[in-house]
Amino acid sequence: MPELPVDGTDEPVERIDGGDLSCARLLILLRARVAELAEGSVVHLSTTDPVAPIDLPAWCRITGHTYLGVADAGPPPVYGVRVSGSPVATRPDRPWHPVT
């Protein structure tokens, strides 16, 4: 049975294992994956990066995706993100900077 997102909907969840990647590499991985997914898809990202609870909500605010919070306290913690249908593009080498 597929894992369900944090908000209890019946939509299946995509999983990304971020391991111990640093912030920039983690966001590049996440950005690439959400680009392949349909609007409304939910991604669960597991990571040991201690700044993920700060970086992920900030990245979601910048890009227009929705940060769903902690899906599983872990270890490692797992964070939920809902994919936007019209995200703001970010720089390939700096996923926290919008393309201008």
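Here the structure is a predicted model, which means the values were calculated and not measured. (Residues numbered from 1 in each chain as written. Predicted model: local features only at pLDDT ≥ 70, side-chain atom pairs only at ≥ 80, totals over all residues. Heavy atoms only, no water.)

S.K.: Which parts of the structure should I look at to understand the overall build of the protein chain?
M.R.: Assigned secondary structure in the protein chain consists of two helices and four strands. Along the protein chain, helices (α) and strands (β) appear in the sequence β-α-β-α-β-β when read from the amino end. Of all intrachain contacts in the protein chain linking residues separated by at least 6 positions in sequence, the fraction that spans at least 24 positions is 61%. For the protein chain, the accessible surface area stands at approximately 5500 Å², while carbon and sulfur atoms represent 56% of it. (Helix = DSSP H or I, 4+ residues; strand = E, 2+ residues; numbered from the N terminus. Contact = heavy atoms within 4.5 Å. Areas by Shrake-Rupley, 256 points an atom, 1.4 Å probe, with all protein chains shown as cover.)

S.K.: Any chance you could explain unusual backbone geometry here in plain terms?
M.R.: Negative phi characterises most residues that are not glycine, and trans characterises most peptide bonds. That bond from Gly74 to Pro75 is cis: its omega, 15°, falls within 30 degrees of zero. Structurally, the position occupied by Pro75 is in the loop between strand 3 (66–72) and strand 4 (78–82). The peptide bond linking Pro75 to Pro76 adopts the cis configuration, its omega dihedral lying at -15°. Its place among the elements puts Pro76 in the loop between strand 3 and strand 4.

S.K.: Would you mind showing me how to read the pattern of salt bridges here?
M.R.: Here the idea is simple: oppositely charged side chains can pair when their charged atoms come close. Under the definition given, this model contains four salt bridges. Measuring nitrogen to oxygen at the nearest pair gives 2.6 Å for the salt bridge that ties Arg33 to Glu14. One end of the pair, Arg33, is in helix 1 (residues 23–34); the other, Glu14, is in strand 1 (residues 13–17), and 19 residues separate them in sequence. By relative accessible area, Arg33 is classed as partly exposed at 23%. On the basis of relative accessibility, which here comes to 29%, the residue Glu14 falls in the partly exposed class. Between Arg91 and Asp93 there is a salt bridge, and its shortest N-O distance comes to 3.5 Å. Connected through salt bridges with shared partners, the residues Glu14, Arg33 and Glu36 form a single ionic network. (Salt bridge = Lys/Arg side-chain N within 4 Å of Asp/Glu carboxyl O. Buried < 20%, exposed > 50% of the residue type's maximum accessible area, 1.4 Å probe, protein only.)

S.K.: So what exactly am I meant to see when it comes to the pairing of strand 1 here?
M.R.: Every other side chain in a regular strand lies on the same face of the sheet, so the side chains alternate between the two faces. As defined by bridge partners, strand 1 adjoins strand 2 (residues 42–46) across five bridges and the pair is classed as parallel. Each residue of the ladder has a partner; that of Arg15, found in strand 2, is His44. A crossover connection joins strand 1 to the parallel strand 2 through helix 1; in handedness this β-α-β unit is right-handed. (Pairing = 2+ DSSP bridges. Right-handed = clockwise from strand over helix to strand, strands pointing away.)

S.K.: Please explain the nonpolar core as it appears in this structure.
M.R.: The nonpolar side chains of soluble globular proteins are, as a tendency, buried together. Ranked by size, the top nonpolar core spans 16 residues in total, and within it Leu30, Val34, Val43, Leu45, Leu56 and Trp59 carry the most contacts. The residues contacting Leu30, other than those within four sequence positions of it, are Ile16, Val43, Leu45, Leu56, Trp59 and Val81. (Core = buried A, V, L, I, M, F, W, Y, C linked by side-chain atoms within 4.5 Å.)

S.K.: Is there a simple way to think about the sheet that holds strand 2 in this case?
M.R.: Sheet strands associate in pairs through backbone hydrogen bonding, adopting either a parallel or an antiparallel arrangement. Within the open sheet, the four strands sit side by side as 1-2-4-3. Their pairing is mixed. In the strand order of this sheet, the two ends are held by strand 1 and strand 3, each with one partner. Each strand of the sheet is rotated relative to its neighbour by a mean of 25°, with strand direction disregarded. Examined bridge by bridge, strand 2 and strand 4 share five bridges and lie antiparallel to one another. Among the inter-strand pairings, Val42 is bridged to a residue of strand 4, identified as Arg82. Its contacts with the sheet place helix 2 (residues 52–63) against strand 2, strand 3 and strand 4, and it is angled at close to 150° to strand 3. (Axes fitted to C-alpha atoms, helices over the stretch in contact; angles between N-to-C directions.)

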